[in-house]
Structures are given as structure tokens and as C-alpha cells.
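Structural description and commentary
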Amino acid sequence: MVNDTVATMVSCYYEDRSCEVGMIVGTGCNACYMEEMRTVELVEGEEGRMCVNTEWGAFGDNGELEEFRLEYDRVVDEASINPGRQLYEKVISGKYMGELVRLVLMKLVNENLLFNGEASEHLMTRGSFETCFVSQVESDSGDRKQIYNILSSLGVLPSELDCDIVRLVCESVSTRSAHMCGAGLAGVINLMREQRGQDTLKITVGVDGSVYKLHPYFRDRFHQVVRELTPHSDITFLQSEEGSGRGAALISAVAFKMASCI
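Parameters and conventions
Residues numbered from 1 in each chain as written. Predicted model: local features only at pLDDT ≥ 70, side-chain atom pairs only at ≥ 80, totals over all residues. Heavy atoms only, no water. Helix = DSSP H or I, 4+ residues; strand = E, 2+ residues; numbered from the N terminus. Buried < 20%, exposed > 50% of the residue type's maximum accessible area, 1.4 Å probe, protein only. Contact = heavy atoms within 4.5 Å. Lys, Arg positive; Asp, Glu negative; His and termini not counted. Charge placed at Lys NZ, Arg CZ, Asp CG, Glu CD. Pairing = 2+ DSSP bridges. Axes fitted to C-alpha atoms, helices over the stretch in contact; angles between N-to-C directions. Salt bridge = Lys/Arg side-chain N within 4 Å of Asp/Glu carboxyl O. Core = buried A, V, L, I, M, F, W, Y, C linked by side-chain atoms within 4.5 Å. Parallel < 35°, antiparallel > 145°, perpendicular 65-115°, else oblique. Left-handed = near helix turned anticlockwise from the far one by under 90°. Nonpolar A, V, L, I, M, F, W, Y, C, P; charged D, E, K, R; others polar. Phe/Tyr/Trp six-rings, centres within 6.5 Å; stacked < 30°, edge-to-face > 60°. Expected span 1.5 Å × (residues − 1). Polar contact = N/O pair within 3.5 Å; in protein donor to acceptor, adjacent residues only side chain to side chain.

Overview of the overall build of the protein chain
- A count of helices and strands for the protein chain gives 10 helices and five strands.
- Seen through its principal axes, the protein chain has C-alpha atoms that stretch 70 × 35 × 35 Å.
- Buried residues in the protein chain amount to 47% of all 262 residues.
- Within the protein chain, contacts between residues at least 6 apart in sequence are counted, and of these 67% link residues at least 24 apart.
- With 24 positive and 40 negative side-chain charges, the protein chain shows a spacing of 3 Å between the two charge centroids.

So, in C-alpha cells, the structure goes:
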């Protein structure tokens, strides 16, 4: 069995033999990387490298993220099906981004800073501000028509200032997501470089997922933060196309060939 993160790395490795990290930034968020065998305690052997699936969405479950989590994050977590779990994923992934924006908007409404202090029943409904709206708001050409249409569909009639505020909220939430995700990847890459004792690590990162592919600015913000936090690494980002299925097929082919040689 292969998860989508590992399959993404393998499919990108097929195109670029420097690919030793795989990432998913979509509904969920995860990463895998090639770890030095000498540091893997649960598997015998000292030579070569082994793929480690980090399941980093669970980072923070022991309190590591408390100083970074906001009141909106706590509301999202408490209303989720797994309170207290997957906290890192909940500040990054597309599953929660839209709801985080909605909660910020509701606070601004309650403080009479947005929509003249009045929100529609629709906007007050959990999950009504979809994550795709975040991308659409930030894609607005500047005439605010797209933002106006989205807010109108949610039952509110915004002013131009309201539209600008909503855009700023979307930008803040998605930018935080990109920065948090970038910090995680930078930590992994810096660890890899240190363990290999290299002055400069040249590496390719294979990435898949709807947030990475479809949000208009997430990718650039994410790349910028990773590079700022990894000054001694030369990083190439490779977007995976149908990586999960293709990567799983490649692994299956290799496994079949190995079994045939036994």
C-alpha cells in the first residue's frame, strides 16, 4: 500500500532523479522524504536511504503549535471530527481554509467592522464559505465583481470597502497557510542536508494537491518561504501530474520485477 505523498515523490523521481521529497497540499497536507538508513531505528541496515512518510499533519498534537494557533484555529478544531488531532494540517490545508476565513469575517461583523455589523443566515452557517472562494476572491481582477458575486451568493450586499476587507482576510489566511507549510518543508530539507554533511544540498521536491495547483498565489508564497529558510540548499519544485496513480503504478511495477527475480 502506498499513500498519495509517497506516490507523488516516486512519480516525480521518474522525471527527475533528484526528487527525494514528496508533498501534498490539498484537502489534506503531508510530506515524505528519503531518510538515511543509519538513522532509521526500526529497520535493520546502515547503507542507503529509506522513504519516510512523516504524516506531519499530526504535528502539534503534543502542544508544539500552541503559540501559533489563533482563536479561529481553536474553533475549527473543536468543531472537527477529531478535536485535538491533526493540528498542523488544520492551519494549512484546503479542508479548513474557507472556514477559517468565515470565522474571521464573522468576528469582524460582530465588531461592526464589516457588512454594517449584519451577517446573513447563510454566512453564519459553518462551512458556507468554501475554500474555492478564497482562490476566487484573490483572483479578482481589481474591479471587485468576483468578490461581490461571491458575497451576494452568501446573502450579503457588500460595499467596496467590504470587498477589500474580505480580500485582505483571504490573503491573510492563505498566506499563513503557505508560510506554515513552507516552514515545515524547510525543516525537513535542512535536516536532510545536515545528515548528509553537505555544504549545499541540491534537491527536487515533487508537489501535488489542489491548494498548490489552483490557488493563484499559494505556490509563489510557499516557494519563497522555503528558499528563505534553506539558504544552503538548491531546491527545484516539480508539480506532479496524476502523481498518486502513476507513482503507485511505478512502485507496483518495480515490486513485480523484484518478485520475478527471486
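Examining the sheet that holds strand 4 (residues 201-208)
- Ordered by their spatial adjacency, five strands build an open sheet running 3-2-1-4-5, and the pairing between neighbours is mixed. Each end of this open sheet is capped by a strand with a single partner; those strands are strand 3 (49-53) and strand 5 (233-239). Looking at each pair of strands side by side, their axes are set apart by 20° on average, direction ignored.
- Here seven bridges tie strand 4 to strand 5, and the two strands are oriented parallel to one another. For isoleucine 203, the partnering residue across the bridge sits in strand 5 and is isoleucine 235.
- Those strands touched by helix 1 (residues 4-15) are strand 1 (19-25), strand 2 (29-36), strand 3, strand 4 and strand 5, and its axis lies near 135° from that of strand 1.

Structural notes on the pattern of salt bridges
- With the rule as written, the count across this model stands at 20 salt bridges.
- Notably, a salt bridge pairs arginine 196 with glutamate 36, separated by 3.0 Å at the nearest N-O pair. Here glutamate 36 lies in strand 2 and arginine 196 lies in helix 7 (residues 160-196), a separation of 160 residues in the sequence.
- You can call arginine 196 buried: its relative accessible area is 15%.
- Looking at glutamate 36, the relative accessible area reads 9%, which means it is buried.
- Note that glutamate 66 and arginine 69 form a salt bridge whose closest N and O atoms lie 3.1 Å from each other.
- The structure contains a network of salt bridges with shared partners spanning Glu20, Glu36, Arg38, Arg49 and Arg196.

A few points about the nonpolar core
- Counting 60 residues, the largest nonpolar core has Met23, Val25, Leu185 and Phe222 as its most contacted members.
- The element that contributes the greatest number of residues to this core is helix 7, accounting for 13 residues.
- If we skip the residues at most four places from it in the chain, leucine 185 touches Val21, Met23, Trp56, Val205, Phe222, Val226 and Phe237.

Let's talk about the packing of helix 7 against helix 9 (residues 218-229)
- For the pair helix 7 and helix 9, the least separation of the axes is 8 Å and the interaxial angle reads 40°. Classified by the angle between their axes, helix 7 and helix 9 sit oblique to one another. When the axes of helix 7 and helix 9 are compared, the crossing they make is right-handed.
- For the contact of helix 7 with helix 9, the class distribution of residues is 11 nonpolar, six polar and two charged.

Quick look at the pairing of strand 4
- The buried fraction of strand 4 is high, at seven of eight residues.
- Note: strand 1 against strand 4, five bridges, orientation parallel. The residue of strand 4 that forms the bridge with methionine 23 is valine 207.

Describing the packing of aromatic side chains
- Summed over all chains, the structure comprises six aromatic pairs.
- Ring geometry for tyrosine 212 against phenylalanine 222: centres 6.1 Å apart, planes inclined by 90°, an arrangement best described as edge-to-face. Note that tyrosine 212 is positioned in helix 8 (residues 210-214) and phenylalanine 222 in helix 9, a separation of 10 residues in sequence.
- The buried category is assigned to tyrosine 212, whose relative accessible area is 2%.
- Put simply, the rings of Tyr212, Phe218, Phe222 and Phe237 pair up and form one aromatic cluster.

Looking at helix 1
- Its 12 residues give helix 1 an end-to-end C-alpha distance of 17 Å, which sits within 8% of 16 Å, the value for a rise of 1.5 Å per residue.
- Here helix 1 has its buried residues at Thr5, Val6, Ala7, Thr8, Met9, Val10, Ser11 and Cys12.
- Measuring from the side-chain oxygen of the N-cap residue of helix 1 to the backbone nitrogen of threonine 5 gives 3.2 Å; that N-cap residue is asparagine 3.

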